[in-house]
Amino acid sequence: MLDFLGELKRTNRCGELRGSDAGKDVVLMGWVHRRRDHGQIIFIDLRDRAGLCQVVFHKDNAPEAHAKAEGLRSEFVVAVAGRVARREKPNPELPTGEIEVIATRLLLLNTSQTPPFTVEDDTTAVEETRLRYRYLDLRRPRLAGNIALRHKIVLEMRKAMDEMGFYEIETPMLTRSTPEGARDYLVPSRVHPGQFYALPQSPQIFKQILMISGMDRYFQIVRCFRDEDLRADRQPEFTQLDLEMSFVRPEDVFEAIERVMERAFQVIGVKVKRPFRHLLYKDAIRKYGSDKPDLRIGLELAELTQQFAEGKQVLGLAGSVFGFAAPGAGAWSRKQIDELVEKGKAAGAKAVYTVKVAAEGNTSALEKTLGADGVKALVAAAGAKPGDLVVAAAAKEEIRGTEAAALVAGQLRLFVAEKLNLMPKDRWELAWITGFPLFEWSETDKAWVSAQHPFTGIVEEDLDLLEQPERRGEIRSKGYDLVLNGYELGSGSVRIHRQDVQARVFRALGLTDEQARQRFGFFLDALTYGTPPHGGIALGIDRIAMLFAGEKSLREVIAFPKTAKAQDLMADSPSPVGKDQLDDLHIALKPEAPEQ
(Lines give C-alpha, C1' and ligand atoms only; values in the text may rest on other atoms or scores of the structure.)
Protein backbone atom coordinates (compact mmCIF):
# COMPACT_ATOMS: atom_id res chain seq x y z
CA MET A 1 0.00 0.00 0.00
CA LEU A 2 1.37 3.37 -0.98
CA ASP A 3 1.88 6.21 1.47
CA PHE A 4 1.24 9.92 1.14
CA LEU A 5 4.10 12.29 1.85
CA GLY A 6 1.99 14.32 4.26
CA GLU A 7 3.95 16.82 6.33
CA LEU A 8 7.29 15.02 5.98
CA LYS A 9 9.96 17.33 4.56
CA ARG A 10 13.29 16.38 3.05
CA THR A 11 16.27 17.69 5.02
CA ASN A 12 19.15 16.54 2.82
CA ARG A 13 19.90 15.04 -0.58
CA CYS A 14 21.28 11.51 -0.56
CA GLY A 15 24.75 12.40 -1.82
CA GLU A 16 25.33 15.29 0.58
CA LEU A 17 25.93 13.55 3.92
CA ARG A 18 29.44 13.19 5.30
CA GLY A 19 31.15 12.05 8.48
CA SER A 20 30.59 15.45 10.09
CA ASP A 21 26.81 14.78 9.92
CA ALA A 22 27.02 11.79 12.32
CA GLY A 23 24.33 12.02 15.02
CA LYS A 24 22.07 14.23 12.88
CA ASP A 25 18.39 13.35 12.34
CA VAL A 26 17.61 13.45 8.62
CA VAL A 27 14.86 12.79 6.10
CA LEU A 28 15.99 11.49 2.70
CA MET A 29 13.88 10.91 -0.41
CA GLY A 30 14.78 9.17 -3.63
CA TRP A 31 14.86 5.93 -5.60
CA VAL A 32 15.92 2.51 -4.36
CA HIS A 33 19.12 1.84 -6.24
CA ARG A 34 19.99 -1.52 -4.69
CA ARG A 35 18.61 -3.70 -1.86
CA ARG A 36 20.45 -6.30 0.22
CA ASP A 37 18.45 -8.42 2.66
CA HIS A 38 20.38 -10.04 5.54
CA GLY A 39 17.33 -11.14 7.49
CA GLN A 40 17.42 -9.09 10.69
CA ILE A 41 19.06 -6.21 8.80
CA ILE A 42 18.15 -4.82 5.37
CA PHE A 43 20.42 -2.42 3.49
CA ILE A 44 19.32 -0.19 0.65
CA ASP A 45 21.31 2.26 -1.42
CA LEU A 46 19.07 5.29 -1.82
CA ARG A 47 19.74 7.46 -4.86
CA ASP A 48 18.84 10.97 -6.00
CA ARG A 49 20.60 13.36 -8.37
CA ALA A 50 23.22 14.18 -5.71
CA GLY A 51 24.39 10.58 -5.29
CA LEU A 52 23.93 7.48 -3.13
CA CYS A 53 23.49 6.94 0.60
CA GLN A 54 23.32 3.63 2.45
CA VAL A 55 20.21 3.21 4.61
CA VAL A 56 19.95 0.46 7.26
CA PHE A 57 16.73 -1.08 8.56
CA HIS A 58 17.08 -3.01 11.87
CA LYS A 59 14.24 -5.39 12.68
CA ASP A 60 14.72 -4.94 16.42
CA ASN A 61 14.91 -1.13 16.43
CA ALA A 62 12.28 -0.30 13.76
CA PRO A 63 10.17 -3.40 13.05
CA GLU A 64 7.50 -1.55 11.02
CA ALA A 65 10.06 0.12 8.75
CA HIS A 66 11.98 -3.18 8.42
CA ALA A 67 8.79 -5.01 7.39
CA LYS A 68 8.09 -2.40 4.70
CA ALA A 69 11.69 -2.57 3.49
CA GLU A 70 11.28 -6.29 2.75
CA GLY A 71 9.00 -5.36 -0.16
CA LEU A 72 11.28 -2.73 -1.71
CA ARG A 73 12.58 -3.23 -5.24
CA SER A 74 14.83 -1.26 -7.60
CA GLU A 75 13.46 2.17 -8.62
CA PHE A 76 10.72 2.26 -5.96
CA VAL A 77 10.32 5.82 -4.67
CA VAL A 78 10.66 6.16 -0.89
CA ALA A 79 11.11 8.63 1.94
CA VAL A 80 13.27 7.60 4.90
CA ALA A 81 13.59 9.23 8.33
CA GLY A 82 16.50 8.25 10.54
CA ARG A 83 19.76 9.18 12.21
CA VAL A 84 23.19 9.48 10.56
CA ALA A 85 25.82 7.11 11.99
CA ARG A 86 29.42 6.36 11.10
CA ARG A 87 29.96 3.08 9.27
CA GLU A 88 32.00 0.35 10.90
CA LYS A 89 33.57 -0.34 7.50
CA PRO A 90 33.72 2.86 5.41
CA ASN A 91 33.45 2.66 1.61
CA PRO A 92 36.24 4.88 0.21
CA GLU A 93 34.78 4.70 -3.33
CA LEU A 94 31.58 6.48 -2.28
CA PRO A 95 31.49 10.19 -1.29
CA THR A 96 29.02 9.24 1.46
CA GLY A 97 31.04 6.14 2.30
CA GLU A 98 31.87 7.24 5.88
CA ILE A 99 28.25 7.18 7.01
CA GLU A 100 24.93 5.39 6.84
CA VAL A 101 21.42 6.33 7.93
CA ILE A 102 19.79 4.14 10.59
CA ALA A 103 16.13 4.22 9.53
CA THR A 104 13.28 4.74 11.97
CA ARG A 105 10.52 5.38 9.44
CA LEU A 106 9.86 4.41 5.81
CA LEU A 107 7.23 5.77 3.43
CA LEU A 108 6.62 3.98 0.13
CA LEU A 109 5.69 6.81 -2.23
CA ASN A 110 5.53 4.82 -5.46
CA THR A 111 6.39 1.50 -7.05
CA SER A 112 8.11 0.85 -10.39
CA GLN A 113 8.02 -1.70 -13.14
CA THR A 114 11.24 -3.60 -13.71
CA PRO A 115 13.37 -1.18 -15.78
CA PRO A 116 14.46 -2.30 -19.28
CA PHE A 117 18.08 -1.70 -18.22
CA THR A 118 19.99 -1.22 -14.98
CA VAL A 119 20.13 2.38 -13.82
CA GLU A 120 23.91 2.36 -13.49
CA ASP A 121 26.78 3.92 -15.39
CA ASP A 122 28.03 0.58 -16.69
CA THR A 123 24.70 -0.32 -18.28
CA THR A 124 24.94 -2.50 -21.39
CA ALA A 125 21.77 -1.08 -22.93
CA VAL A 126 22.07 0.06 -26.54
CA GLU A 127 21.63 3.78 -27.19
CA GLU A 128 18.25 3.29 -28.87
CA THR A 129 16.84 1.71 -25.70
CA ARG A 130 18.40 4.40 -23.53
CA LEU A 131 16.84 7.17 -25.64
CA ARG A 132 13.43 5.47 -25.69
CA TYR A 133 13.46 5.38 -21.87
CA ARG A 134 15.35 8.64 -21.46
CA TYR A 135 13.66 9.37 -18.11
CA LEU A 136 15.40 6.27 -16.73
CA ASP A 137 18.66 7.00 -18.53
CA LEU A 138 18.82 10.44 -16.90
CA ARG A 139 18.74 8.80 -13.46
CA ARG A 140 22.16 7.28 -14.14
CA PRO A 141 24.83 9.15 -12.15
CA ARG A 142 26.97 9.96 -15.19
CA LEU A 143 24.18 11.57 -17.15
CA ALA A 144 22.77 13.33 -14.11
CA GLY A 145 26.29 14.67 -13.52
CA ASN A 146 26.52 15.86 -17.13
CA ILE A 147 23.26 17.81 -16.81
CA ALA A 148 24.51 19.37 -13.57
CA LEU A 149 27.80 20.29 -15.25
CA ARG A 150 25.94 21.89 -18.14
CA HIS A 151 23.85 23.97 -15.73
CA LYS A 152 26.96 25.23 -13.95
CA ILE A 153 28.67 26.15 -17.25
CA VAL A 154 25.65 28.18 -18.39
CA LEU A 155 25.30 29.82 -14.97
CA GLU A 156 28.93 31.01 -15.03
CA MET A 157 28.49 32.28 -18.58
CA ARG A 158 25.44 34.30 -17.56
CA LYS A 159 27.29 35.77 -14.59
CA ALA A 160 30.25 36.75 -16.76
CA MET A 161 28.04 38.37 -19.39
CA ASP A 162 26.15 40.37 -16.76
CA GLU A 163 29.40 41.58 -15.19
CA MET A 164 30.51 42.89 -18.60
CA GLY A 165 27.33 44.90 -19.08
CA PHE A 166 25.44 42.65 -21.52
CA TYR A 167 21.63 42.54 -21.58
CA GLU A 168 19.97 39.14 -22.04
CA ILE A 169 17.33 39.72 -24.71
CA GLU A 170 15.09 37.10 -26.32
CA THR A 171 14.65 37.09 -30.09
CA PRO A 172 11.75 35.49 -32.01
CA MET A 173 11.42 31.72 -32.45
CA LEU A 174 8.93 32.23 -35.28
CA THR A 175 10.52 34.34 -37.98
CA ARG A 176 11.00 34.40 -41.76
CA SER A 177 13.19 32.04 -43.71
CA THR A 178 16.63 33.57 -44.33
CA PRO A 179 18.96 30.94 -45.83
CA GLU A 180 22.12 30.47 -43.75
CA GLY A 181 23.67 27.36 -45.29
CA ALA A 182 21.32 24.68 -43.95
CA ARG A 183 17.64 23.88 -44.49
CA ASP A 184 15.11 25.70 -42.34
CA TYR A 185 12.45 24.03 -40.24
CA LEU A 186 9.26 25.58 -41.58
CA VAL A 187 6.12 26.26 -39.53
CA PRO A 188 2.89 26.78 -41.48
CA SER A 189 0.69 29.72 -40.51
CA ARG A 190 -2.97 28.93 -39.85
CA VAL A 191 -4.12 32.56 -40.08
CA HIS A 192 -2.07 33.31 -43.21
CA PRO A 193 -2.79 30.35 -45.52
CA GLY A 194 0.09 29.30 -47.73
CA GLN A 195 2.64 31.26 -45.73
CA PHE A 196 5.27 29.94 -43.38
CA TYR A 197 7.40 30.92 -40.44
CA ALA A 198 10.87 29.45 -40.05
CA LEU A 199 12.52 28.36 -36.82
CA PRO A 200 15.78 30.34 -36.55
CA GLN A 201 19.08 28.79 -37.57
CA SER A 202 20.54 31.60 -35.47
CA PRO A 203 19.35 35.02 -34.21
CA GLN A 204 21.83 36.65 -36.63
CA ILE A 205 19.69 39.37 -38.18
CA PHE A 206 17.80 40.14 -34.97
CA LYS A 207 20.94 40.58 -32.91
CA GLN A 208 22.34 42.94 -35.52
CA ILE A 209 19.07 44.89 -35.42
CA LEU A 210 19.47 45.10 -31.63
CA MET A 211 22.78 46.89 -32.26
CA ILE A 212 20.99 49.29 -34.61
CA SER A 213 18.47 49.72 -31.78
CA GLY A 214 21.20 50.98 -29.47
CA MET A 215 21.23 47.96 -27.09
CA ASP A 216 25.04 48.05 -27.35
CA ARG A 217 25.72 44.67 -25.70
CA TYR A 218 23.31 41.74 -26.17
CA PHE A 219 23.52 38.07 -25.26
CA GLN A 220 21.15 35.14 -25.18
CA ILE A 221 21.26 31.46 -24.26
CA VAL A 222 19.26 30.54 -27.32
CA ARG A 223 17.80 27.48 -28.99
CA CYS A 224 18.51 27.23 -32.73
CA PHE A 225 17.36 24.81 -35.42
CA ARG A 226 18.94 23.38 -38.56
CA ASP A 227 17.45 20.69 -40.73
CA GLU A 228 20.68 18.94 -41.69
CA ASP A 229 22.26 15.52 -41.50
CA LEU A 230 23.40 14.65 -37.99
CA ARG A 231 26.78 13.60 -36.65
CA ALA A 232 28.01 12.85 -33.13
CA ASP A 233 28.63 16.58 -32.56
CA ARG A 234 25.49 17.87 -34.34
CA GLN A 235 21.79 18.00 -33.41
CA PRO A 236 18.81 19.48 -35.32
CA GLU A 237 18.07 21.70 -32.32
CA PHE A 238 20.96 23.05 -30.32
CA THR A 239 21.79 25.70 -27.74
CA GLN A 240 24.32 28.47 -28.08
CA LEU A 241 25.62 31.47 -26.21
CA ASP A 242 24.87 34.21 -28.72
CA LEU A 243 26.25 37.71 -28.31
CA GLU A 244 26.71 40.96 -30.20
CA MET A 245 28.58 44.18 -29.32
CA SER A 246 28.59 47.68 -30.79
CA PHE A 247 31.61 49.87 -31.62
CA VAL A 248 34.05 46.95 -31.51
CA ARG A 249 37.06 45.48 -33.24
CA PRO A 250 37.64 41.71 -33.29
CA GLU A 251 39.96 42.07 -30.28
CA ASP A 252 37.05 43.36 -28.17
CA VAL A 253 34.99 40.26 -28.95
CA PHE A 254 38.01 38.05 -28.20
CA GLU A 255 38.47 39.65 -24.78
CA ALA A 256 34.79 39.19 -23.86
CA ILE A 257 34.71 35.55 -24.91
CA GLU A 258 38.02 34.75 -23.21
CA ARG A 259 36.58 36.05 -19.96
CA VAL A 260 33.47 33.90 -20.47
CA MET A 261 35.54 30.78 -21.22
CA GLU A 262 37.84 31.46 -18.29
CA ARG A 263 34.80 31.40 -16.01
CA ALA A 264 33.36 28.30 -17.68
CA PHE A 265 36.63 26.39 -17.23
CA GLN A 266 36.56 27.14 -13.51
CA VAL A 267 33.58 24.76 -13.30
CA ILE A 268 35.92 21.84 -14.03
CA GLY A 269 38.78 23.26 -11.99
CA VAL A 270 40.93 24.27 -14.98
CA LYS A 271 42.76 27.59 -15.21
CA VAL A 272 43.21 28.73 -18.79
CA LYS A 273 45.89 31.13 -19.94
CA ARG A 274 44.78 34.39 -21.54
CA PRO A 275 45.06 35.75 -24.15
CA PHE A 276 44.37 32.67 -26.27
CA ARG A 277 46.68 31.71 -29.10
CA HIS A 278 45.98 33.18 -32.57
CA LEU A 279 46.42 31.35 -35.88
CA LEU A 280 45.76 32.56 -39.40
CA TYR A 281 43.41 30.31 -41.35
CA LYS A 282 46.00 29.65 -44.07
CA ASP A 283 48.62 28.71 -41.46
CA ALA A 284 46.20 26.39 -39.66
CA ILE A 285 45.52 24.58 -42.94
CA ARG A 286 49.17 24.31 -43.97
CA LYS A 287 50.51 23.38 -40.52
CA TYR A 288 47.71 21.16 -39.23
CA GLY A 289 45.48 20.36 -42.20
CA SER A 290 42.39 21.75 -40.48
CA ASP A 291 40.66 25.05 -39.72
CA LYS A 292 39.91 23.65 -36.25
CA PRO A 293 43.28 22.13 -35.37
CA ASP A 294 43.87 19.98 -32.32
CA LEU A 295 46.88 21.78 -30.86
CA ARG A 296 47.50 19.21 -28.14
CA ILE A 297 49.28 17.26 -30.86
CA GLY A 298 52.62 18.27 -32.28
CA LEU A 299 52.99 16.66 -35.70
CA GLU A 300 53.11 19.83 -37.77
CA LEU A 301 52.67 19.27 -41.49
CA ALA A 302 55.38 20.02 -44.01
CA GLU A 303 54.83 20.67 -47.69
CA LEU A 304 56.71 17.94 -49.54
CA THR A 305 55.74 18.79 -53.11
CA GLN A 306 59.33 19.69 -54.07
CA GLN A 307 60.68 16.40 -52.72
CA PHE A 308 58.26 14.52 -55.01
CA ALA A 309 59.11 16.61 -58.08
CA GLU A 310 61.40 13.96 -59.65
CA GLY A 311 58.76 11.24 -59.42
CA LYS A 312 55.68 13.35 -60.04
CA GLN A 313 55.04 12.09 -63.55
CA VAL A 314 55.69 8.43 -62.72
CA LEU A 315 53.45 8.61 -59.63
CA GLY A 316 50.74 10.47 -61.55
CA LEU A 317 50.70 13.45 -59.19
CA ALA A 318 49.32 16.78 -60.35
CA GLY A 319 48.88 18.74 -57.16
CA SER A 320 50.73 19.33 -53.91
CA VAL A 321 51.96 16.78 -51.34
CA PHE A 322 51.85 17.32 -47.56
CA GLY A 323 53.09 15.09 -44.79
CA PHE A 324 54.56 14.76 -41.31
CA ALA A 325 56.78 12.59 -39.14
CA ALA A 326 54.97 10.20 -36.78
CA PRO A 327 57.24 9.72 -33.74
CA GLY A 328 58.07 6.09 -32.98
CA ALA A 329 55.73 4.71 -35.64
CA GLY A 330 58.60 3.32 -37.71
CA ALA A 331 57.95 -0.01 -36.00
CA TRP A 332 54.37 -0.20 -37.26
CA SER A 333 53.35 -3.45 -38.91
CA ARG A 334 52.16 -3.86 -42.47
CA LYS A 335 48.61 -4.17 -41.16
CA GLN A 336 48.86 -0.88 -39.26
CA ILE A 337 50.23 0.93 -42.31
CA ASP A 338 47.49 -0.56 -44.51
CA GLU A 339 44.93 0.81 -42.04
CA LEU A 340 46.61 4.22 -42.32
CA VAL A 341 46.44 4.09 -46.12
CA GLU A 342 42.75 3.14 -46.05
CA LYS A 343 42.06 6.06 -43.72
CA GLY A 344 43.79 8.37 -46.20
CA LYS A 345 41.76 7.08 -49.13
CA ALA A 346 38.54 7.58 -47.16
CA ALA A 347 39.66 11.18 -46.53
CA GLY A 348 40.17 11.85 -50.26
CA ALA A 349 43.77 10.80 -50.83
CA LYS A 350 44.96 9.88 -54.31
CA ALA A 351 47.88 8.15 -52.64
CA VAL A 352 49.46 7.80 -49.19
CA TYR A 353 53.22 7.24 -49.02
CA THR A 354 55.25 6.07 -46.02
CA VAL A 355 58.91 5.87 -45.11
CA LYS A 356 60.20 3.86 -42.15
CA VAL A 357 63.16 5.83 -40.84
CA ALA A 358 66.12 4.00 -39.32
CA ALA A 359 69.72 4.93 -38.53
CA GLU A 360 71.00 2.16 -40.78
CA GLY A 361 68.76 3.09 -43.70
CA ASN A 362 65.23 4.02 -44.68
CA THR A 363 62.57 1.59 -45.91
CA SER A 364 60.07 2.78 -48.48
CA ALA A 365 58.58 1.73 -51.80
CA LEU A 366 59.35 5.31 -52.91
CA GLU A 367 63.02 4.38 -53.41
CA LYS A 368 62.08 2.89 -56.79
CA THR A 369 60.80 6.28 -57.91
CA LEU A 370 62.71 8.88 -55.92
CA GLY A 371 65.91 6.94 -55.30
CA ALA A 372 67.68 6.57 -51.96
CA ASP A 373 68.85 10.18 -51.96
CA GLY A 374 65.36 11.39 -52.80
CA VAL A 375 63.92 9.45 -49.87
CA LYS A 376 66.63 10.90 -47.60
CA ALA A 377 65.64 14.39 -48.72
CA LEU A 378 62.00 13.55 -48.01
CA VAL A 379 62.87 12.35 -44.50
CA ALA A 380 64.86 15.52 -43.84
CA ALA A 381 62.08 17.78 -45.12
CA ALA A 382 59.56 16.04 -42.83
CA GLY A 383 61.89 16.48 -39.84
CA ALA A 384 61.88 12.73 -39.11
CA LYS A 385 64.28 10.89 -36.79
CA PRO A 386 65.29 7.24 -36.57
CA GLY A 387 62.30 5.21 -35.40
CA ASP A 388 59.79 7.60 -36.96
CA LEU A 389 57.40 7.01 -39.83
CA VAL A 390 57.11 9.65 -42.54
CA VAL A 391 53.53 9.93 -43.79
CA ALA A 392 52.83 11.87 -47.00
CA ALA A 393 49.60 12.35 -48.92
CA ALA A 394 48.43 13.67 -52.26
CA ALA A 395 44.77 14.49 -52.88
CA LYS A 396 42.54 12.94 -55.53
CA GLU A 397 41.60 16.39 -56.75
CA GLU A 398 42.51 19.95 -55.98
CA ILE A 399 39.68 22.05 -54.60
CA ARG A 400 39.80 25.63 -55.76
CA GLY A 401 41.04 27.97 -53.05
CA THR A 402 42.20 25.19 -50.70
CA GLU A 403 45.23 23.00 -49.98
CA ALA A 404 43.49 19.69 -50.64
CA ALA A 405 46.55 17.56 -49.84
CA ALA A 406 47.00 19.39 -46.54
CA LEU A 407 43.39 18.60 -45.60
CA VAL A 408 43.98 14.90 -46.29
CA ALA A 409 47.26 14.93 -44.34
CA GLY A 410 45.40 16.64 -41.50
CA GLN A 411 43.02 13.69 -41.24
CA LEU A 412 45.97 11.29 -41.19
CA ARG A 413 47.60 13.42 -38.50
CA LEU A 414 44.57 12.94 -36.24
CA PHE A 415 44.44 9.21 -36.99
CA VAL A 416 48.12 8.75 -36.11
CA ALA A 417 47.85 10.92 -33.00
CA GLU A 418 45.01 8.79 -31.68
CA LYS A 419 46.90 5.56 -32.35
CA LEU A 420 49.99 6.96 -30.61
CA ASN A 421 47.99 8.40 -27.66
CA LEU A 422 49.15 11.96 -28.39
CA MET A 423 45.88 13.57 -27.23
CA PRO A 424 46.14 14.01 -23.44
CA LYS A 425 42.66 14.35 -21.95
CA ASP A 426 43.79 16.76 -19.26
CA ARG A 427 45.25 19.27 -21.71
CA TRP A 428 43.17 22.12 -23.13
CA GLU A 429 44.41 24.09 -26.15
CA LEU A 430 42.26 27.07 -27.13
CA ALA A 431 42.97 29.19 -30.18
CA TRP A 432 41.42 31.88 -32.32
CA ILE A 433 41.48 31.17 -36.05
CA THR A 434 41.41 34.41 -38.07
CA GLY A 435 41.97 35.57 -41.64
CA PHE A 436 39.25 33.39 -43.17
CA PRO A 437 38.42 33.94 -46.83
CA LEU A 438 35.17 35.82 -47.34
CA PHE A 439 34.13 33.54 -50.20
CA GLU A 440 34.60 29.85 -50.97
CA TRP A 441 34.21 28.11 -54.29
CA SER A 442 31.14 25.91 -54.77
CA GLU A 443 31.66 23.12 -57.27
CA THR A 444 27.91 22.53 -57.28
CA ASP A 445 27.03 26.12 -58.19
CA LYS A 446 30.28 26.80 -60.07
CA ALA A 447 30.41 30.12 -58.26
CA TRP A 448 31.83 31.89 -55.23
CA VAL A 449 29.53 31.67 -52.19
CA SER A 450 29.72 33.13 -48.67
CA ALA A 451 32.14 31.18 -46.51
CA GLN A 452 30.17 32.21 -43.39
CA HIS A 453 27.11 34.41 -43.98
CA PRO A 454 26.68 37.44 -46.26
CA PHE A 455 26.86 39.96 -43.38
CA THR A 456 30.47 39.11 -42.49
CA GLY A 457 32.79 42.11 -42.55
CA ILE A 458 35.63 42.55 -45.05
CA VAL A 459 39.21 43.59 -44.44
CA GLU A 460 39.19 47.14 -45.79
CA GLU A 461 42.24 46.68 -48.02
CA ASP A 462 40.39 43.94 -49.93
CA LEU A 463 37.20 45.88 -50.74
CA ASP A 464 38.22 46.64 -54.33
CA LEU A 465 38.55 42.90 -55.04
CA LEU A 466 34.76 42.54 -54.79
CA GLU A 467 34.49 43.73 -58.37
CA GLN A 468 37.29 41.41 -59.59
CA PRO A 469 35.75 37.91 -59.94
CA GLU A 470 39.07 36.24 -60.73
CA ARG A 471 40.49 37.41 -57.37
CA ARG A 472 37.42 36.87 -55.23
CA GLY A 473 39.04 33.96 -53.42
CA GLU A 474 41.72 36.32 -52.08
CA ILE A 475 39.26 38.51 -50.15
CA ARG A 476 39.79 38.27 -46.40
CA SER A 477 36.91 38.43 -43.99
CA LYS A 478 36.73 39.82 -40.47
CA GLY A 479 35.53 36.42 -39.35
CA TYR A 480 36.99 34.31 -36.57
CA ASP A 481 36.47 30.91 -34.95
CA LEU A 482 37.26 29.72 -31.45
CA VAL A 483 38.61 26.17 -31.43
CA LEU A 484 39.37 23.76 -28.60
CA ASN A 485 41.17 20.41 -28.94
CA GLY A 486 40.08 19.90 -32.54
CA TYR A 487 36.51 21.19 -32.16
CA GLU A 488 35.02 24.47 -33.31
CA LEU A 489 33.36 26.01 -30.25
CA GLY A 490 32.04 29.05 -32.01
CA SER A 491 32.13 31.25 -35.06
CA GLY A 492 31.66 34.99 -35.43
CA SER A 493 32.77 38.16 -37.13
CA VAL A 494 32.74 41.91 -37.18
CA ARG A 495 29.77 42.63 -39.45
CA ILE A 496 29.14 44.83 -42.45
CA HIS A 497 27.50 47.95 -41.05
CA ARG A 498 27.46 50.07 -44.23
CA GLN A 499 24.64 49.59 -46.71
CA ASP A 500 26.87 50.41 -49.71
CA VAL A 501 29.32 47.64 -48.79
CA GLN A 502 26.47 45.21 -48.11
CA ALA A 503 25.04 45.93 -51.56
CA ARG A 504 28.43 45.22 -53.18
CA VAL A 505 28.70 41.89 -51.36
CA PHE A 506 25.23 40.86 -52.49
CA ARG A 507 26.17 41.71 -56.09
CA ALA A 508 29.37 39.66 -55.76
CA LEU A 509 27.21 36.74 -54.64
CA GLY A 510 25.10 37.11 -57.76
CA LEU A 511 22.04 38.51 -55.98
CA THR A 512 20.05 41.17 -57.76
CA ASP A 513 18.72 44.13 -55.76
CA GLU A 514 15.27 42.57 -56.01
CA GLN A 515 16.47 39.18 -54.71
CA ALA A 516 18.38 40.81 -51.83
CA ARG A 517 15.32 42.82 -50.85
CA GLN A 518 13.07 39.77 -51.06
CA ARG A 519 15.33 37.85 -48.64
CA PHE A 520 16.56 40.57 -46.33
CA GLY A 521 14.38 43.62 -47.01
CA PHE A 522 13.54 44.54 -43.41
CA PHE A 523 17.19 44.23 -42.41
CA LEU A 524 18.41 46.33 -45.35
CA ASP A 525 15.91 49.02 -44.36
CA ALA A 526 17.28 48.95 -40.80
CA LEU A 527 20.84 49.46 -42.09
CA THR A 528 19.81 52.86 -43.45
CA TYR A 529 19.09 54.27 -39.97
CA GLY A 530 22.51 54.84 -38.45
CA THR A 531 24.01 51.38 -37.97
CA PRO A 532 27.06 51.35 -35.66
CA PRO A 533 30.11 49.17 -36.31
CA HIS A 534 29.37 45.89 -34.52
CA GLY A 535 30.42 42.29 -34.19
CA GLY A 536 29.71 39.13 -32.27
CA ILE A 537 29.94 35.38 -32.02
CA ALA A 538 27.95 32.31 -31.01
CA LEU A 539 29.42 29.51 -28.87
CA GLY A 540 27.97 25.99 -28.91
CA ILE A 541 27.00 25.19 -25.34
CA ASP A 542 26.22 21.54 -26.16
CA ARG A 543 29.71 21.09 -27.57
CA ILE A 544 31.42 22.84 -24.64
CA ALA A 545 29.52 20.66 -22.17
CA MET A 546 30.41 17.54 -24.20
CA LEU A 547 34.13 18.35 -24.10
CA PHE A 548 34.14 19.33 -20.42
CA ALA A 549 32.31 16.09 -19.53
CA GLY A 550 34.76 13.99 -21.57
CA GLU A 551 31.97 12.61 -23.77
CA LYS A 552 32.12 11.66 -27.45
CA SER A 553 28.55 12.60 -28.35
CA LEU A 554 26.36 15.64 -27.79
CA ARG A 555 23.53 13.27 -26.88
CA GLU A 556 25.27 12.57 -23.57
CA VAL A 557 24.92 16.19 -22.37
CA ILE A 558 21.45 17.03 -23.74
CA ALA A 559 18.45 16.05 -21.64
CA PHE A 560 16.23 15.01 -24.55
CA PRO A 561 18.33 14.61 -27.73
CA LYS A 562 17.41 13.36 -31.16
CA THR A 563 18.83 10.27 -32.84
CA ALA A 564 21.04 10.33 -35.94
CA LYS A 565 17.77 10.22 -37.93
CA ALA A 566 16.48 13.34 -36.12
CA GLN A 567 13.91 11.34 -34.13
CA ASP A 568 12.84 11.62 -30.50
CA LEU A 569 12.28 7.96 -29.62
CA MET A 570 10.83 8.73 -26.20
CA ALA A 571 8.16 11.15 -27.47
CA ASP A 572 7.80 9.27 -30.78
CA SER A 573 8.47 12.42 -32.77
CA PRO A 574 8.13 13.42 -35.56
CA SER A 575 4.65 11.90 -35.90
CA PRO A 576 1.70 12.08 -38.27
CA VAL A 577 -1.05 14.62 -37.60
CA GLY A 578 -4.76 14.38 -38.29
CA LYS A 579 -6.48 15.59 -41.44
CA ASP A 580 -8.39 18.22 -39.43
CA GLN A 581 -5.10 19.82 -38.33
CA LEU A 582 -3.79 19.80 -41.89
CA ASP A 583 -7.04 21.31 -43.15
CA ASP A 584 -6.71 24.13 -40.58
CA LEU A 585 -3.27 24.86 -42.04
CA HIS A 586 -4.46 24.54 -45.65
CA ILE A 587 -1.94 21.76 -46.24
CA ALA A 588 -2.45 18.66 -48.40
CA LEU A 589 0.09 15.85 -48.33
CA LYS A 590 1.45 14.47 -51.57
CA PRO A 591 0.90 10.72 -51.93
CA GLU A 592 4.06 8.69 -51.52
CA ALA A 593 5.63 7.60 -54.79
CA PRO A 594 5.14 3.86 -55.41
CA GLU A 595 8.20 1.70 -54.92
CA GLN A 596 9.94 0.73 -58.12
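Residues numbered from 1 in each chain as written. Predicted model: local features only at pLDDT ≥ 70, side-chain atom pairs only at ≥ 80, totals over all residues. Heavy atoms only, no water.

**Observations concerning the packing of aromatic side chains**
Applying the stated criterion across every chain yields a total of 14 aromatic pairs. Between phenylalanine 254 and tyrosine 480, the aromatic rings sit 5.1 Å apart at their centres with planes inclined by 80°, giving edge-to-face as the arrangement. Pair noted here: phenylalanine 254 is in helix α6 (residues 250-266) and tyrosine 480 is in strand β19 (residues 479-484), with a separation of 226 residues, a long-range link. Each of the two residues, phenylalanine 254 as well as tyrosine 480, counts as buried. Ring centres of tyrosine 281 and phenylalanine 436 lie 5.1 Å apart, and the angle between their planes is 40°; on these two criteria the pair is classed as tilted. Pair noted here: tyrosine 281 is in helix α7 (residues 281-288) and phenylalanine 436 is in the loop between β16 (430-434) and β17 (439-442), with a separation of 155 residues, a long-range link. The buried category is assigned to tyrosine 281, whose relative accessible area is 19%. Assessed through its relative accessible area of 8%, phenylalanine 436 is described here as buried. Site record: aromatic cluster; members linked through ring pairs are Phe455, Phe506, Phe520 and Phe523. (Phe/Tyr/Trp six-rings, centres within 6.5 Å; stacked < 30°, edge-to-face > 60°. Helix = DSSP H or I, 4+ residues; strand = E, 2+ residues; numbered from the N terminus. Buried < 20%, exposed > 50% of the residue type's maximum accessible area, 1.4 Å probe, protein only.)

**Concerning the pairing of β17**
One ladder, built from four bridges, connects β17 with strand β18 (residues 447-450); its direction is antiparallel. By the bridge assignment for β18, serine 442 is matched with alanine 447. (Pairing = 2+ DSSP bridges.)

**Digging into the environment of aspartate 525**
The residue aspartate 525 is located in helix α13 (residues 513-527) in this model. Accessibility expressed as a relative area gives 37% for aspartate 525, which makes it partly exposed. Sequence-wise, aspartate 525 and leucine 547 are 22 residues apart; in three dimensions their C-alpha atoms are separated by 41 Å.

**Some words on the packing of helix α5 (residues 204-212) against α13**
At their nearest, the axes of α5 and α13 sit 10 Å apart, and the two run at 20° to each other. Judged on the interaxial angle alone, α13 and α5 are roughly parallel. Classified by chirality, the crossing of α13 by α5 is left-handed. Touching Ile205, Gln208, Ile209 and Ile212 of α5 are Phe520, Phe522, Phe523, Ala526 and Leu527, all from α13. (Axes fitted to C-alpha atoms, helices over the stretch in contact; angles between N-to-C directions. Parallel < 35°, antiparallel > 145°, perpendicular 65-115°, else oblique. Left-handed = near helix turned anticlockwise from the far one by under 90°. Contact = heavy atoms within 4.5 Å.)

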